[in-house]
Amino acid sequence: MSQSKKFLEQVEKYGAHNYHPLPVVLKRGKGSRVWDVDGKEYLDFLSCYSALNFGHQHPRLVEAMIQQVDKLALCSRAFHSDQLCEFSEELAKFCGLDMVLPMNSGAEAVETAIKIARKWGYETKKIPENRAKIITFENNFHGRTISIVSFSSEEGYKAGFGPFTPGFVNVPFGDLTALANAIDKDTTAILVEPIQAEAGILVPPPGFLVGVRSLCQRHGILFIADEIQTGMGRTGKNFCFEHEEAKPDLLVLGKSLGGGLIPVSAVIGRRDVMEVIRPGQHGSTFGGNPLGAAIGREVLKLMTDEKYAEKAAAVGQHVQARLKKESLPAVKDIRGKGALIGIDLHESTGGARRFCEALAVRGVLCKETHTYVIRLAPPLNISMSDLDEGLDRVIAVIKEG
Ligand SMILES: *Cc1c(COP(=O)(O)O)cnc(C)c1O
């Protein structure tokens, strides 16, 4: 019996079935490649949903982690750590904003931004108690907590989990008129993904983010950008909002902020907004731990030293150029920005899942998103030869139908 088969039977029995993974059991990774328990090699074209923008086990990140784990890994926020003090300044400056509130997972950081936005609305805009409203978008994905799934438009994310948190309204993504109409005196913030990645790599029309930005300015409401997946270089800029110079009031980061090693997330924002949170009103035992802060600091240095945004732009251009050169009757649309690319298949193909299964057999790992879309999001430092090797297989599998 293969090792994989043994593990698949084990996890089927003992692991909760909250995911539907491809039948691949990994045990090692390096750069853009991973290996399974039977020694089979794969190219990683998913990058843990963009948590691995720097690839697996980047030597500088591993070194920063080992150095810090030997000194101080955890100390709670009852005390300061040198690493968190430095990381706060470096991250704020990197984002062009003023203050940082560190958390661990992405969903926790989104929850944090919601709390800040509500409190700011009550204190600054004098919104009547319990009336603060946050506008979100149809097909959004911001995580899995009760409050976050409360404003999901996806049945599968919320069915059976009510009662839900009130205070959110959804409008169609990319529609500035609908957005303007949804704003009222109780609106405190607009929460937006610059590209809806989980929804199938949906890129809004040009000008949408500046439009959101200016509506926020006009009505005195907060612009919150969830760049958990689009940040840290993925779309060809450090942050996706930079494509339109639409700087948010609150920026939410996660995923690659932890260098693909541990969970590190944060809300970074304008000082006058961040200051509504006072001692005792929010926190996290592990949030801002020195180990995560040390890794985050090295992530920021790498972003500059190794020019990840430029790498992403080059990877994206190459992928789009190669795919668009082919005649692929199964494909309805190819879209994305930088190295975040969706291949949208026709419904007649029966969906993207079996293409991803066929790719895994051929040694390329990617994952379907929203039934018909194959998401391609390789590590940003993938070599052009690895990229071509993976693309050859992607193209072959799509051609075979
Ligand atoms: C992944 C993701 C989240 C949630 O992050 P977790 O670490 O899984 O909680 C939130 N928003 C976006 C845009 C994401 O891609």
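Values in this document were obtained by computation on a predicted structure and should not be read as measured data.

### What about the environment of Tyr 122?
Stage number 1. Residue placement: Tyr 122 occurs in helix H5 (residues 106-124).
Stage number 2. Along the primary structure Tyr 122 and Glu 154 are separated by 32 residues, whereas in three dimensions their C-alpha atoms are 30 Å apart.
Stage number 3. Among residues more than four places away in sequence, those in contact with Tyr 122 are Ile 127, Pro 128, Glu 129, Asn 130, Arg 131 and Ala 132.

### What to know about the pairing of strand S3 (residues 41-44)
Stage number 1. The pairing of strand S2 (residues 33-36) with S3 spans three bridges and is antiparallel. Residue pairing for S3: Trp 35 is matched across the bridge by Glu 41.
Stage number 2. In this antiparallel pair of consecutive strands, S2 and S3, the connection spans four residues, and Gly 39 shows a positive phi of 90°.
Stage number 3. In this structure, S3 lies alongside strand S13 (residues 364-365), joined through two bridges in parallel fashion. What sits directly across from Asp 44, in S13, is Leu 365.

### What about the domain arrangement of the chain?
Stage number 1. In terms of domains, the chain is made up of domain 1 (3-57 + 307-400) and domain 2 (72-305).
Stage number 2. Here the C-alpha centre of domain 2 lies 27 Å away from the C-alpha centre of domain 1.
Stage number 3. With 29 residues of domain 1 at the contact, the number on the domain 2 side is 31 residues.
Stage number 4. Interface of domain 1 and domain 2: buried area, both sides summed, is about 2400 Å²; carbon and sulfur atoms make up 56% of it.
Stage number 5. A salt bridge links Arg 375 to Glu 198; the shortest N-O distance between them is 2.8 Å.
Stage number 6. At the boundary of domain 1 with domain 2, the tally comes to 18 residue pairs in polar contact (both at pLDDT 80 or more).
Stage number 7. Of all the secondary-structure elements, those providing two or more residues to the side of domain 1 that touches domain 2 are helix H2 (47-50), helix H12 (308-325), strand S11 (331-337), strand S12 (340-345) and strand S15 (373-376).

### A word on the packing of aromatic side chains
Note on aromatic pairs: each is described by the distance of the centres and the angle between the planes.
Stage number 1. Counted under the stated rule, the structure contains eight aromatic pairs.
Stage number 2. Between Phe 54 and Tyr 308 the ring centres are 4.8 Å apart and the planes differ by 90°, which places this aromatic pair in the edge-to-face class. Of this pair, Phe 54 sits in the loop between H2 and helix H3 (59-69) while Tyr 308 is found in helix H12, placing the two residues 254 residues apart along the sequence. As far as burial versus exposure is concerned, Phe 54 and Tyr 308 are alike and both buried.
Stage number 3. Ring geometry for Phe 94 against Phe 239: centres 5.8 Å apart, planes inclined by 80°, an arrangement best described as edge-to-face. Linking Phe 94 in helix H4 (residues 82-95) with Phe 239 in the loop between strand S8 (222-226) and strand S9 (250-253), this pair joins segments that are 145 residues apart in sequence.
Stage number 4. For Phe 239, a relative accessible area of 1% translates into the label buried.
Stage number 5. Taken together through their ring pairs, the aromatic side chains of Phe 94, Phe 239 and Phe 241 make up a single cluster.
Stage number 6. We note Arg 28 situated over the ring of Trp 35; from NZ or CZ to the ring centre the distance is 4.3 Å.
Stage number 7. Seen from the ring of Tyr 157, Arg 144 lies directly overhead, with NZ or CZ sitting 4.3 Å from the centre.

### Examining the site of the ligand
Stage number 1. In the neighbourhood of the ligand, the contacting residues comprise Ser 105, Gly 106, Ala 107, Phe 141, His 142, Gly 143, Glu 193, Asp 226, Ile 228, Gln 229 and Lys 255.
Stage number 2. One of the side-chain nitrogen or oxygen atoms of Asp 226 is found 2.7 Å away from a nitrogen atom of the ligand.
Stage number 3. With respect to the ligand, the side chain of Lys 255 contributes an N or O atom lying 2.7 Å from an oxygen atom.
Stage number 4. Surface burial for the ligand is 80%, taken as the share of its 380 Å² of free accessible area covered by protein chains.
Stage number 5. Split by residue class, the shell around the ligand holds three nonpolar, five polar and three charged.

### A look at the sheet that holds strand S5 (residues 133-137)
Stage number 1. Pairing is mixed across the open sheet formed by seven strands, whose spatial order is S4-S10-S9-S8-S7-S5-S6. The open sheet has two edge strands with one neighbour each: strand S4 (99-103) and strand S6 (168-171). Here the average twist between neighbouring strands, direction ignored, is 20°.
Stage number 2. Together, S4, S9 and strand S10 (265-269) form the strand contacts of H4, whose direction differs from that of S4 by roughly 120°.

### Quick word on the pattern of salt bridges
Stage number 1. One pass over the structure, following the stated rule, counts 28 salt bridges.
Stage number 2. Salt-bridge contacts for Arg 131 lead to Asp 186; the nearest nitrogen and oxygen are separated by 3.0 Å. Taken together, the residues Arg 131 in the loop between H5 and S5 and Asp 186 in the loop between helix H8 (176-182) and strand S7 (187-192) connect sequence positions 55 residues apart.
Stage number 3. Classification of Arg 131 as partly exposed rests on a relative accessible area of 42%.
Stage number 4. A salt bridge links Arg 335 to Asp 344; the nearest nitrogen and oxygen atoms lie 3.1 Å apart. The same class applies to Arg 335 as to Asp 344, namely buried.

Rules used throughout
- Residues numbered from 1 in each chain as written.
- Predicted model: local features only at pLDDT ≥ 70, side-chain atom pairs only at ≥ 80, totals over all residues.
- Heavy atoms only, no water.
- Helix = DSSP H or I, 4+ residues; strand = E, 2+ residues; numbered from the N terminus.
- Contact = heavy atoms within 4.5 Å.
- Pairing = 2+ DSSP bridges.
- Domains from an automatic or database assignment.
- Buried area = accessible area lost by both parts, 1.4 Å probe.
- Salt bridge = Lys/Arg side-chain N within 4 Å of Asp/Glu carboxyl O.
- Polar contact = N/O pair within 3.5 Å; in protein donor to acceptor, adjacent residues only side chain to side chain.
- Phe/Tyr/Trp six-rings, centres within 6.5 Å; stacked < 30°, edge-to-face > 60°.
- Buried < 20%, exposed > 50% of the residue type's maximum accessible area, 1.4 Å probe, protein only.
- Lys NZ or Arg CZ within 6 Å of the ring centre and 35° of its normal.
- Near = heavy atom within 4 Å.
- Areas by Shrake-Rupley, 256 points an atom, 1.4 Å probe, with all protein chains shown as cover.
- Nonpolar A, V, L, I, M, F, W, Y, C, P; charged D, E, K, R; others polar.
- Axes fitted to C-alpha atoms, helices over the stretch in contact; angles between N-to-C directions.

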